Amino acid sequence: MNSFTEENYLKAIYNLLEKGDKKISTNSIAGRLSTSPASVTDMLKKLAEKKLISYEKYKGVSLTSNGKKIAVAIIRKHRLWEFFLVEKLGFKWDEVHDMAEELEHIKSEKLVESLDKYLERPRFDPHGDPIPDANGNFYPVQTLPLSSISTNEKVTITAVLDHGASFLQYLSKSDLALGQKIVVKDIQEFDKSMSIGIQGKNVVLHISHEVASNLLVIKNKTTER
């Protein structure tokens, strides 16, 4: 059985790989987990001995098939618990991450399957991230950062990259939420900040390039333009 810390490392490595990092270094893992590179090196040796990762000093880290399976199972539990906390217990989307960090380590597969069934097998968590099924399969979704969208294009917000409480609170105060349809009104050449219109509201919102980069969207169909 793997410890909470070991599971956190596997999840961190998986998330770094998902971001597109080609070489997962001890420093990148240390930064993600807010720990020292020396501590990371010690843990990587333990995970390698358990055949959960492939690790060679100075050549980066990758997950073995078993390590990936464990990481995806942790992610599945985390996102299911976030969905439960928001949809069934009424927590706000900026409140649930830390609670789900604790609940994701529950070992009972029967409980997780019952939770998934009770929630009617949701495909996405409250932040728009896909929830893997019991076999580790993710529902396919193709999104773009809002920062890559051109002027006059209409899009729908589907997910956020930044799950930090301050960013989510900012979005809530700005009336930006998942499922909301927006149109890019203007893009400033100087700093790439945007002016966006929100469907159904007579308001133009100005957002920074950083905010736009952390909002994932899909383009609306031509019939909706």
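Located above this text is the structure these notes cover.
For the structure given in this document, a descriptive report is provided here. Within each chain, residue numbers correspond to sequence positions counted from 1 in written order. Local features in this predicted model are restricted to residues whose pLDDT is 70 or higher, and side-chain atom pairs enter the listing and the counts only when it is 80 or higher, whereas totals over whole chains, interfaces and linings include all residues. Hydrogen atoms and water are omitted, and side-chain values are computed over all heavy atoms in the structure.

### What to know about the pattern of salt bridges
The condition that has to hold: A side-chain nitrogen of Lys or Arg and a carboxyl oxygen of Asp or Glu constitute a salt bridge if their distance falls within 4 Å. Secondary structure elements follow DSSP: runs of H or I of four or more residues count as helices, runs of E of two or more count as strands, with numbering from the N terminus. Each residue is assigned to one of three classes by its accessible area relative to the maximum for its type, calculated with a 1.4 Å probe on protein chains only: buried under 20%, partly exposed between the two thresholds, exposed over 50%.
On inspection of all chains with the given rule, the structure shows 11 salt bridges. Close ionic contact of K50 with E6 constitutes a salt bridge, the shortest N to O distance being 2.9 Å. Here the residue K50 occupies a position in the loop between α3 (37-49) and β1 (53-55), and E6 occupies one in helix α1 (residues 4-18), the gap between them amounting to 44 residues. For K50, a relative accessible area of 37% gives the class partly exposed. A salt bridge links E104 to K11; its shortest N-O distance comes to 2.9 Å. Of the two residues, E104 is situated in the loop between α5 (97-103) and α6 (109-118) and K11 in helix α1; the sequence distance between them amounts to 93 residues.

### So, the packing of helix α2 (residues 26-33) against α3
The line we're drawing: Here an angle of 0 to 180 degrees is reported between the N-to-C directions of two axes, which are lines fitted to C-alpha atoms, with helices fitted over the stretch in contact. Each angle receives one of four descriptions, namely roughly parallel if under 35 degrees, roughly antiparallel if over 145, roughly perpendicular if within 65 to 115, and oblique otherwise. Whether two residues touch is decided by their heavy atoms; if any such pair falls within 4.5 Å, the residues are in contact. When residues are grouped by polarity, Ala, Val, Leu, Ile, Met, Phe, Trp, Tyr, Cys and Pro land in nonpolar, Asp, Glu, Lys and Arg in charged, and all others, Gly among them, in polar.
Running from N to C, α2 and α3 point in directions that differ by 110 degrees, and their axes come no closer than 9 Å. Here α2 is positioned roughly perpendicular relative to α3, judged by the angle of their axes. Contacts between α2 and α3 involve T26, N27, I29 and A30 from the former and P37, V40, T41 and L44 from the latter. Per-class residue counts for the contact of α2 with α3 are 5 nonpolar, 3 polar and no charged.

### Thoughts on the pairing of strand β5 (residues 181-187)
Filter applied, for reference: For two strands to count as paired, DSSP must find a minimum of two bridges between them.
Where strand β4 (residues 154-160) meets β5, 3 bridges bridge the pair, whose relative direction is antiparallel. Along β5, the bridge assignment pairs T156 with K181. As paired strands, β5 and strand β6 (residues 194-198) are joined by 5 bridges and run antiparallel to one another. Its bridge partner lying in β6, V184 is registered against I196.

### So, the pairing of β4
Across the 7 residues that make up β4, a large majority, 5, are buried. Note: β4 against strand β8 (residues 215-219), 5 bridges, orientation antiparallel. Residue pairing for β8: I157 is matched across the bridge by V217.

Just distances and angles here, no functional claims.
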